Amino acid sequence: MKATCHKYMLEFKRPSGTSRGVMTEKETWFIILEEDGKKGIGECGILRGLSADDREDYEEKLQWTCQNIHLGEEALWNALLEFPSIQFGVEMAFLSLKNENPFVLFPSHFTAGSKSIVINGLVWMGEASFMKEQIEEKLATGFNCIKLKIGAINFEKELELLAYIRSHFSAEQIEIRVDANGAFGLEEALDKLNQLNKYHLHSIEQPVKKGNIAAMTDLCKTTPFPIALDEELIGAFSLEEKESLLQKIRPQYIILKPSFIGGFKGTKEWIDLADKYQIGWWITSALESNIGLNAIAQWTFLQNAVMPQGLGTGGLYTNNFDCPLEVSQGQLWYNTTKDWDFDFLSNT
């Protein structure tokens with residue numbers, strides 16, 4: 001078996017804002033496996049500045065992984081514990097190589113095109129007019145659940161946007177999730193949650209920065225509406241660390257990004273713990289290309305999740321790969337009449 005890795009820069013169609021700044025491009029890496037005339041592909045979806053494996057030795061570890069691919073998937077997963085995005089890429093690549101169709105990793109009613117995955121519509125931060133424009137577009141195209149990135153513009157403006165949605169749609173008609181990406185100060189967080197509560201929100205992701213365990217624990221106890229942990233999960237590598245975190249904070253929900261938390265195996269560990277402690281969860285992408293998004297969507301479908309998932313990110317880039325994934329009426333579908341344009345090595 002031969003393994004190679006290839007860097008690819010994804011270009012955003014328009015700058016995408018979070019409370020951590022504005023992104024214009026996103027780095028990703030592909031692992032290509034070759035054996036007996038077959039090829040498999042996996043995506044290592046690192047997000048610089050956020051991923052636990054955003055380290056100086058990242059590329060070195062990728063090369064090491066390719067040189068030691070003979071160790072096999074399980075041994076590599078354990079050896080790459082502190083490199084969750086590479087764990088994910090390795091899992092994906094082995095599954096891709098093993099299957100008859102390298103892009104169908106988990107055959108199901110989803111990949112057969114007969115069933116879909118309900119997803120949220122993502123609204124990026126920006127000027128109020130731009131956010132309003134995005135909201136209107138999501139509602140017009142059939143989304144029943146929208147997620148707003150908040151925390152970068154004036155808080156009063158963000159409340160006005162929420163008021164605008166609620167003036168047209170009740171909580172029964174449109175579910176609103178907000179994601180603060182850790183933007184709220186510790187002293188102001190509860191007050192802001194109380195102000196947000198007027199708009200009947202489903203949940204808020206990561207109101208304060210990760211690492212403030214005591215503050216987050218208190219917030220989860222006193223919050224007027226559910227809190228979801230997102231960044232807080234990043235860097236908890238062992239099962240013991242994961243369980244300790246959930247036992248301490250006791251969030252209402254956790255957000256699961258396979259590229260950030262050890263691929264499918266790492267995500268399943270979080271799901272099992274969440275079920276144990278009666279914590280809700282949903283799965284979302286970490287801005288991967290359609291290669292990684294495809295794998296996550298196929299696996300997510302098999303988890304029988306009933307809540308809207310965060311998988312509608314495929315259309316963000318100008319140079320993504322054409323694929324069978326399509327968003328229609330707030331749902332992600334696998335269109336079996338469409339082909340992939342990814343030609344393995346020539347495109348990387």
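Residues numbered from 1 in each chain as written. Predicted model: local features only at pLDDT ≥ 70, side-chain atom pairs only at ≥ 80, totals over all residues. Heavy atoms only, no water.

1. A word on the UniProt feature "domain: Mandelate racemase/muconate lactonizing enzyme C-terminal" (unreviewed entry) in the protein
Thought 1: This chain's UniProt record puts "domain: Mandelate racemase/muconate lactonizing enzyme C-terminal" (unreviewed entry) on residues 128-226.
Thought 2: Split by type, residues 128-226 is 45% helix and 13% strand. Its first and last C-alpha atoms lie 25 Å apart. (UniProt positions renumbered as here; feature names shortened; annotations may be inferred. Helix = DSSP H or I, 4+ residues; strand = E, 2+ residues; numbered from the N terminus.)

2. Notes on the nonpolar core
Thought 1: One finds Leu148, Leu196, Ile204 and Ile254 to be the most contacted residues of the largest nonpolar core, which totals 90 residues.
Thought 2: Broken down by element, this core gets its largest block of residues, seven residues, from helix α10 (residues 290-302).
Thought 3: In this structure Leu196 touches Ile150, Phe155, Leu159, Leu162, Phe184, Leu201, Ile204 and Phe225, once residues within four positions along its chain are discounted.
Thought 4: Within the second largest apolar cluster, 19 residues are counted, among which are Ile31, Cys66, Ile69 and Ala93. (Core = buried A, V, L, I, M, F, W, Y, C linked by side-chain atoms within 4.5 Å. Buried < 20%, exposed > 50% of the residue type's maximum accessible area, 1.4 Å probe, protein only. Contact = heavy atoms within 4.5 Å.)

3. Some words on helix α7 (residues 213-222)
Thought 1: Met216, Thr217, Leu219 and Cys220 are the residues of α7 that are buried. The buried residues of α7 occupy an angular sector of 165° when the element is viewed end-on, so they sit on one face. Summarising the geometry of α7, the exposed residues directed more than 90 degrees from the buried face are Ala214 and Lys221.
Thought 2: Tucked into the core, α7 has its buried residues touching α6 (189-196), β9 (227-229) and α8 (239-249). (Arc of directions from axis to C-beta.)

4. Section: the pairing of strand β2 (residues 21-35)
Thought 1: Pairing of β2 with strand β3 (residues 38-44) involves seven bridges; the strand directions are antiparallel. When the bridges of β3 are listed, Trp29 appears paired with Cys44.
Thought 2: In textbook terms, the turn of a hairpin is the stretch between consecutive antiparallel strands, and for β2 and β3 this stretch comprises two residues, one of which, Asp36, has a positive phi near 50°. (Pairing = 2+ DSSP bridges.)

5. A look at unusual backbone geometry
Thought 1: Notably, Asp36 is not glycine yet its phi reads approximately 50°, a positive angle.
Thought 2: Within the secondary structure, Asp36 sits in the loop between β2 and β3.
Thought 3: Phi at Gln206 is positive, roughly 40°, even though this residue is not glycine.
Thought 4: Tracing the chain through its elements places Gln206 in the loop between β8 (203-205) and α7.

6. Concerning the pattern of salt bridges
Thought 1: Scanning the model with the defined rule gives 17 salt bridges in all.
Thought 2: As a salt-bridge pair, Glu137 and Lys138 come within 3.8 Å of each other at their nearest N and O atoms.
Thought 3: The shortest N-O distance in the salt bridge between Glu188 and Lys192 comes to 3.5 Å.
Thought 4: Given a relative accessible area of 31%, Glu188 falls into the partly exposed group.
Thought 5: Ionic contacts of the salt-bridge type, sharing partners, join the residues Lys147, Lys149, Asp179 and Glu205 into one network. (Salt bridge = Lys/Arg side-chain N within 4 Å of Asp/Glu carboxyl O.)

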